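Residue-level listing of the chains:
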Amino acid sequence: MKKLYEKLFSKKSIAILIVFSTFILGPTVSAHITKPTSGIQIDPMLSDKHVLNNGNSVYKLLIITPEKFVKALQPLVTHKNTIGMPTILITLTDVYDQMYWYGRDKAEKIKYFIKKAIEEWGIEYVLLVGGKKGQLPSWHLPVRYVQMDVGWEPHYISDLYYADIYDLEGKFSSWDSDGDGLYGEWIYEEEPEDKDIDLYPDVAVGRLPCRNELEVKIMVNKILDYETTTYGKVWFKDMIVIAGDTYLESHNPNWTGYEGEYYAELALENMTGFNPTRLYTSDGTLGGQADVIRELRKGCGFVYFVGHGNPRLWGNHPPNDEKFVRGLNVRKMHKLRNNHMYPVCIVSGCHNSQFDVSILKYFNKLSRYRRESSYECWGWRMTRKIGGGSIATIGCTALGFTKEDKNSFKGGINEIEVEFFKQYGKNNIQVIGDTWATTVSAYLDTYPINWNMFENGDSWIDTQVVQTWVLFGDPSLQIGGYTH
Ligand SMILES: [Ca+2]
Ligand SMILES: [Ca+2]
Ligand SMILES: [Ca+2]
């Protein structure tokens, strides 16, 4: 631990101090199943040609799952095929069989399979089903850790890996340019070992990090319920924003105003026709968890939390006040009883969607300190809550860097979140995976990664912003439901 602190505090940049100090403010801080019926088979001879089916999709949604969740997912496959979202379910066993000659490990085999599914079937959405096996340190469906090291965590999970299939030249994007079997290697302010990673999504990926079959059943029921009953409902037109003064001016004279509330207002400006409910520390409407639970129980189409987090908690500061107001803790989420009225949730903060947490991490002092000793992370608990919570949640799997962490004082997670509301509210992109993908692409257009300007640190942060911003939910979800 001493070594970590030395590394942490020896950095030149104040960025690290910011994220570190804000973090600790937390709690105290088958060929099975649906074999293709069209006769199209996965050809084991992979080509690197980027051939899309020009809209003539055989299937639009690919669901990848371990065998044990297949039965629970069948109602979702039926629903999607009925409602006009041609869907195919493939088990991991089939993925590994068909990609026998391709991919160096399981995650890479899955990625090669997704590439082939895009080219053969015209797949636009990929739903990955499976998180950790209960509390064990193994996975129902593999994750890719990227070796992005800022001195706080040596690596983190990136599901963007499964969405960025092609590089700039249309070739398979391995995220391992030096070919050493470690992915996305980049130490902050040093030269990256893996360079020129494209990062632009080529398919919309979402994950249901279910730890058991019950959670799969809950999510299937919620998605069916949401897509068939939400349309035209009054509650959907409500939007709740929850925020405060993210960065205290007393720490830095540049941190004027109440940053969380500022971004909440920007989000609302993009959501014409939605009725806002504001819970802000500045006017006392956000005083604690009871305020958040009370408002969420009424149901809403969207909820946006803007502040600080750890895997178990989200909150923010009152204006210019060191005090930390708790907004919502995983332990209180059982009180969310907004049955049949599920919002899309965007949560801004560090580690709220770090889905590799486990109660077994209690036995590791550093993990315990970082609040990683939890049954599940905030983002997943919110999503898989039965009879309430969200229908989908977007948050960070690692530290959530903001513009205050960048030398340019521009960009960061707050900006990507506001972009999401712009893509939905202004550009009318209503399938959540598309909204996510266009948002990530728009962020990269604004902040292109410079793989050769590593001393500055800003490109490292922008890379991290898009890599960690994970969608828990069905990427083919029709926001607001179907009309019939
Ligand atoms: Ca590498
Ligand atoms: Ca790409
Ligand atoms: Ca401030």
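Values in this document were obtained by computation on a predicted structure and should not be read as measured data.

A. Spatial organisation of the confidence of the model for the protein. Per-residue pLDDT for the protein has a mean of 90; in total, 88% of the residues score no lower than 70. Counting contacts from residues 1–53, a segment whose pLDDT is below 50, to residues more than four positions away or on other chains yields 71 contacts.

B. Region of the structure containing the packing of helix α11 (residues 413–425) against helix α12 (residues 432–446). Where α11 meets α12, the axes come as close as 9 Å, and the angle between the chain directions of the two elements is 125°. One element, α11, and the other, α12, form an angle in the oblique class. For the crossing formed where α11 meets α12, the hand is right-handed. Of the residues in α12, those touching α11 at Ile416, Glu419, Phe420, Gln423 and Tyr424 are Thr435, Thr438, Thr439, Ala442 and Tyr443. The class makeup of the residues in the contact of α11 with α12 is five nonpolar, four polar and one charged.

C. Quick look at the nonpolar core. Leu62, Ile64, Leu73, Val126, Val129 and Val203 are the most contacted members of the largest nonpolar core, which has 128 residues in total. If one sorts the elements of this core by residue count, helix α5 (residues 106–121) sits on top with seven residues. Once you skip the residues sitting within four places of it in the chain, Val126 turns out to touch Leu62, Ile64, Ile114, Tyr162, Val203, Val205 and Pro475.

D. Up close: the sheet that holds strand β14 (residues 325–329). Pairing is antiparallel across the open sheet formed by three strands, whose spatial order is β12-β13-β14. In the strand order of this sheet, the two ends are held by β12 (308–310) and β14, each with one partner. Each strand of the sheet is rotated relative to its neighbour by a mean of 25°, with strand direction disregarded. In terms of strand pairing, β12 meets strand β13 (residues 313–316) through three bridges, oriented antiparallel. By the bridge assignment for β13, Asn310 is matched with Leu313.

E. Spotlight on the pairing of strand β3 (residues 125–129). Where burial is concerned, most of β3 is hidden: five out of the five residues are buried. Neither face of β3 is open: one carries Tyr125, Leu127 and Val129, the other Val126 and Leu128, and all of them are buried. Pairing geometry for strand β1 (residues 61–65) and β3, over four bridges, is parallel. Paired with Ile63 across the strands is Leu127, a residue of β3. Bridging between β3 and strand β8 (residues 204–208) involves five bridges; their strand directions are parallel. Pairing of Val126 across the sheet is with Val205, part of β8.

F. Focus on helix α3 (residues 70–83). Relative to the 20 Å expected for 14 residues at 1.5 Å per residue, α3 spans 20 Å between its end C-alpha atoms, a close match to the ideal helical length. When we look at burial in α3, the residues that qualify are Val70, Ala72, Leu73, Leu76 and Lys80. Phi turns positive, to about 100°, at Gly84, one or two residues after α3.

G. Quick peek at helix α8 (residues 289–297). Among the residues making up α8, those that are buried are Gln289, Val292, Glu295 and Leu296. In an axial view of α8, the angular spread of the buried residues amounts to 135°, which keeps them on one side of the axis. Turned more than 90 degrees away from the buried face of α8 sit Ala290 and Arg294, all of them exposed. Against the buried residues of α8 lie β9 (238–243), β10 (275–280), β11 (302–306) and β14. One or two residues past the end of α8 sits Gly299, with phi positive at roughly 80°.

H. Region of the structure containing unusual backbone geometry. One non-glycine residue, Asp196, lies in the positive phi region at around 55°. Backbone geometry at Arg371 places phi at a positive 65°, although glycine is not the residue there. Tracing the backbone shows Arg371 in the loop between α9 (365–369) and α10 (378–384).

I. Structural context of the environment of Thr228. Considering the arrangement of structural elements, one finds Thr228 in helix α6 (residues 213–229). When the 15 C-beta atoms within 10 Å are taken as the criterion, Thr228 is described as partly exposed. Between the alpha carbons of Thr228 and Gly480 there is a distance of 9.4 Å; along the sequence they are 252 residues apart. Setting aside residues up to four positions removed in sequence, Thr228 forms contacts with Gly481 and Tyr482.

J. The arrangement of the packing of α3 against α6 in detail. At a closest axis distance of 8 Å, the pairing of α3 and α6 adopts a crossing angle of 20°. When the axis of α3 is compared with that of α6, the two are roughly parallel. Between α3 and α6 lies a crossing of left-handed hand. Contacts from Ala72, Leu73, Pro75, Leu76, His79 and Ile83 in α3 reach Glu213, Val216, Lys217, Val220, Ile223, Leu224 and Glu227 in α6. Residue classes in the contact of α3 with α6 are distributed as nine nonpolar, one polar and three charged.

K. Geometry of the pairing of strand β2 (residues 87–91). Within β2, five of the five residues are buried, which leaves it mostly tucked inside the rest of the structure. Judged by which residues are buried, β2 turns out to be covered on both faces: Thr87, Leu89 and Thr91 on one side and Ile88 and Ile90 on the other are all buried. With five bridges connecting them, β1 and β2 associate as parallel partners. Pairing of Thr65 across the sheet is with Thr91, part of β2. With α3 bridging β1 and its parallel neighbour β2, the resulting β-α-β unit is right-handed.

About the thresholds
Residue indices follow the written sequence of each chain, beginning from 1 at its first position. To label them, take the chains in the order written and letter them from A, then take the ligands in the order written and number them from 1. Reporting in this predicted model follows two pLDDT cut-offs: at least 70 for local features of residues, and 80 or more for side-chain atom pairs to be given and counted; totals over whole chains, interfaces and linings ignore these cut-offs and use all residues. Confidence of the predictor at the level of single residues is captured by pLDDT, which takes values from 0 to 100. Any pair of residues counts as being in contact when their C-beta atoms, constructed from backbone geometry, are within 7 Å of one another. What counts as an axis is a line fitted to C-alpha atoms, over the stretch in contact for a helix, and the angles between N-to-C directions run from 0 to 180 degrees. Each helix is a run of H or I in the DSSP string that is no shorter than four residues. Each strand is a run of E no shorter than two, and both are numbered from the N terminus. For classification purposes, angles smaller than 35 degrees are called roughly parallel, those larger than 145 roughly antiparallel, those between 65 and 115 roughly perpendicular, and all remaining angles oblique. Helix crossings fall into two classes, left-handed where the near helix is turned counterclockwise from the far one by less than a right angle and right-handed where it is turned clockwise. Just so you know the grouping, Ala, Val, Leu, Ile, Met, Phe, Trp, Tyr, Cys and Pro go in nonpolar, Asp, Glu, Lys and Arg go in charged, and all remaining residues, Gly too, go in polar. Nonpolar cores are built from buried Ala, Val, Leu, Ile, Met, Phe, Trp, Tyr and Cys residues. These are joined into a set through C-beta atoms within 7 Å. Exposure is read from a count of other C-beta atoms within 10 Å of each residue's own; the residue is exposed at 12 or fewer, buried at 20 or more and partly exposed in between. C-beta atoms are placed from the backbone. Paired strands, in this sense, are two strands between which DSSP finds at least two bridges. Expected helix span is computed as 1.5 Å times (number of residues minus one). It is the directions from the helix axis to the C-beta atoms whose arc is reported. Crossovers are marked right-handed if the path from the first strand over the helix to the second runs clockwise, as seen with the strands pointing away from the viewer.

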